[in-house]
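Commentary on secondary and tertiary structure
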Amino acid sequence: MTLKGEKSVLITENDRTAVPIQRDFSSILQFKEKKSITDLDLRNKKVLVRVDFNVPLDEYGNITDSRRIRMTLPTIHYLLNENCKIILLSHLGRPDGKIKDAFRTDPIYKRLKEYLPFVNVDKADDCVGPEVERMVSKMKRGEILVLENPRFHPNEKKCDPEFSKQLSDLADVYVTDAFATAHRRHASTYGVCPFFKEKGYGFLMEKELKFLSNCLNKPKRPFTIILGGKKVNDKLDVIKYLLGLADAVLIGGGMAYTFLLAMGYNIGKSIRDLSKLDNIRDYLETARSYNTKIFLPRDVVVCDELDYPSEIKNVPITEIRDNHVGVDIGEETIEYYKKVLSKSSQVVWQGPLGVFERKEFENGTKEIARHLIENEIYTVIGGGDSAAAFEKFGFQDDVSFISTGGGASLEIMKGTLLPAIACLTDK
Ligand code: AMP
């Protein structure tokens, strides 16, 4: 199966045998049956809000991208208007159940004070315990308390019921806006829910779920998925699930080399996942009988050494040598992929097409991003490193939607039910 109307770029030989199938994405629609923030009685209440302010920090602990904080401001303002006492809870980084100063939520607290200059914002040194309870009991309506990182407690990741109960005892109502952590069954994202009678999702969560559910349940066709990045495993499950739903899958990034290897090409010293070769061969075979066309690079940018390259060049995939490391899609592939994208009505993009962090290897990701924007192609960026790439290029405001959650949106694309949504109150 090919994109409709495209003959020259896309292979059409399988059209006659294409098997139309429809993947079931009803799981993502589950949120429509759950209470949203506007369905909850919040007036004058104490509200525990689980947010995902797991923002990138530089070596001095300064926030380098505060999008995740800015995107929850509508929820915070709504709660302020409802005269609530707002208790904000977010993890930060991976402190592995221990108190580590580098992962304290102080930078988040400071940034929030900047965004909300007329609001009284305070910060606690823990997220449970007598001192936190005392601070909560002293809160006035319209005030905000930022709690300390729940991942300082090993019980957070263990989803310990006692720890969940302690967290839930701080408030009357629970609101989750932590889309980026919604696929995790942790105490603060999932374990707290049974202890609250009233619990619903906030505006950021709603926005995220609406964009992805529209793309997956009612795709505007032709629907193209761009998959890059280096983790093949994650993305293969997406391909498996989306075969038959997407019209085209464009593959790039580090994961492309495992595909090329599976097809018998020499990939030199490029990144690979040998455990996935058989799965890839199966998917390529299956894709032929479904409505999905999988595209692989025709040429790539290679270098001799990733850290200090003395040679960088563009080569066809048939000319990758033993000493080559593949780092980006090549010029011909960029043009080829642009043609497929020009015919697409909707694009979902997960994972950069090259080592975009390095200027020498950013071209493929940047050119494809620019093409989508210039041609106003409806595009949803699935968070993670593809979102970071759009930020790096300064394109973040020009694309239809950038998700705040790479892992969560990948899970949705695999058809997984999000535990943090499943546990909310039914309407
Ligand atoms: P992922 O988390 O799987 O989406 O991977 C994102 C990472 O993949 C980014 O840090 C990119 O630098 C990296 N990446 C993209 N292309 C390549 C490549 N050809 N070789 C190695 N890493 C790559």
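Residues numbered from 1 in each chain as written. Predicted model: local features only at pLDDT ≥ 70, side-chain atom pairs only at ≥ 80, totals over all residues. Heavy atoms only, no water.

Following the criterion strictly, the structure yields 27 salt bridges and no others. Arg 111 is the partner of Glu 114 in a salt bridge, and the nearest nitrogen-oxygen pair spans 3.6 Å. Of this pair, Glu 114 and Arg 111 both sit in helix α3 (residues 106-115), three residues apart, which is roughly one turn of that helix. Connected via shared salt-bridge partners are Asp 101, Arg 104, Asp 106, Lys 123, Asp 125 and Glu 148. (Salt bridge = Lys/Arg side-chain N within 4 Å of Asp/Glu carboxyl O. Helix = DSSP H or I, 4+ residues; strand = E, 2+ residues; numbered from the N terminus.)

Here we take up the packing of aromatic side chains. A ring pair, where both rings are aromatic, is described by two values, the distance of the centres and the angle of the planes. The full count for this structure, using the stated rule, is 10 aromatic pairs. Relative to Phe 203, the ring of Tyr 78 lies with its centre 5.4 Å away and its plane at 75 degrees, an arrangement referred to as edge-to-face. Within this pair, whereas Tyr 78 is found in helix α2 (residues 73-81), its partner Phe 203 is found in helix α8 (residues 203-217), the two being separated by 125 residues in sequence. Judged by its relative accessible area of 24%, Phe 203 is partly exposed. An aromatic cluster is present here, built from Trp 349, Phe 390, Phe 393 and Phe 395 joined pairwise through their rings. Taking the ring centre of Tyr 378 as reference, the NZ or CZ of Lys 220 above it sits at 3.7 Å. Its guanidinium or amino end placed over the ring of Tyr 336, Arg 298 lies 3.5 Å from that ring's centre, counting from NZ or CZ. (Phe/Tyr/Trp six-rings, centres within 6.5 Å; stacked < 30°, edge-to-face > 60°. Buried < 20%, exposed > 50% of the residue type's maximum accessible area, 1.4 Å probe, protein only. Lys NZ or Arg CZ within 6 Å of the ring centre and 35° of its normal.)

The step from Arg 221 to Pro 222 runs through a cis peptide bond, and the omega angle for that step is 0 degrees. With respect to the secondary-structure elements, Pro 222 resides in the loop between α8 and β7 (223-227). In this structure, Asn 44 is a non-glycine residue whose phi angle is positive, near 65 degrees. With respect to the helices, strands and loops of the structure, Asn 44 is situated in the segment before β1 (46-50). Not every positive phi belongs to a glycine, and Glu 376 is a case in point at roughly 50 degrees.

This paragraph deals with the site of the ligand. Residues in contact with the ligand amount to 15 residues; listed here are only the nearest, Lys 230, Lys 231, Lys 235, Gly 326 and Glu 357. The contact in question runs from an oxygen atom of the ligand to an N or O atom on the backbone of Lys 230, over 3.0 Å. A distance of 2.5 Å separates an oxygen atom of the ligand from a polar atom in the side chain of Glu 357. When the free accessible area of the ligand is taken as 510 Å², the share hidden by the protein chains comes to 88%. Its residues placed into classes, the shell around the ligand shows five nonpolar, five polar and five charged. (Near = heavy atom within 4 Å. Polar contact = N/O pair within 3.5 Å; in protein donor to acceptor, adjacent residues only side chain to side chain. Areas by Shrake-Rupley, 256 points an atom, 1.4 Å probe, with all protein chains shown as cover. Nonpolar A, V, L, I, M, F, W, Y, C, P; charged D, E, K, R; others polar.)

Okay, the nonpolar core next. Counting 79 residues, the largest nonpolar core has Leu 147, Leu 209, Ile 239, Ile 251 and Phe 259 as the members making the most contacts within it. Ranked by residue count, the leading element in this core is α8, at seven residues. Counting contributing residues per domain, this core is built from domain 1 (9-23 + 209-413) and domain 2 (37-201), each supplying no fewer than three. Excluding residues that lie within four positions of it along the chain, Leu 209 makes contacts with Ile 28, Phe 31, Phe 179, Ile 412, Leu 418 and Ile 421. Counting residues in hydrophobic clusters, the runner-up holds 28 residues, among them Val 49, Ile 63, Leu 79 and Leu 112. (Core = buried A, V, L, I, M, F, W, Y, C linked by side-chain atoms within 4.5 Å. Domains from an automatic or database assignment. Contact = heavy atoms within 4.5 Å.)

So, on to the domain arrangement of the protein chain. Domain boundaries assigned for the protein chain yield domain 1 (9-23 + 209-413) and domain 2 (37-201). With centres defined by C-alpha atoms, the gap from domain 1 to domain 2 works out at 35 Å. Summed over both sides, the interface of domain 1 with domain 2 buries roughly 840 Å², with 66% coming from carbon and sulfur. When the buried surface of domain 1 facing domain 2 is broken down by residue, Glu 391, Thr 404 and Ala 408 rank first, second and third, together holding 56% of it. Remark: the boundary between domain 1 and domain 2 carries zero salt bridges. (Buried area = accessible area lost by both parts, 1.4 Å probe.)

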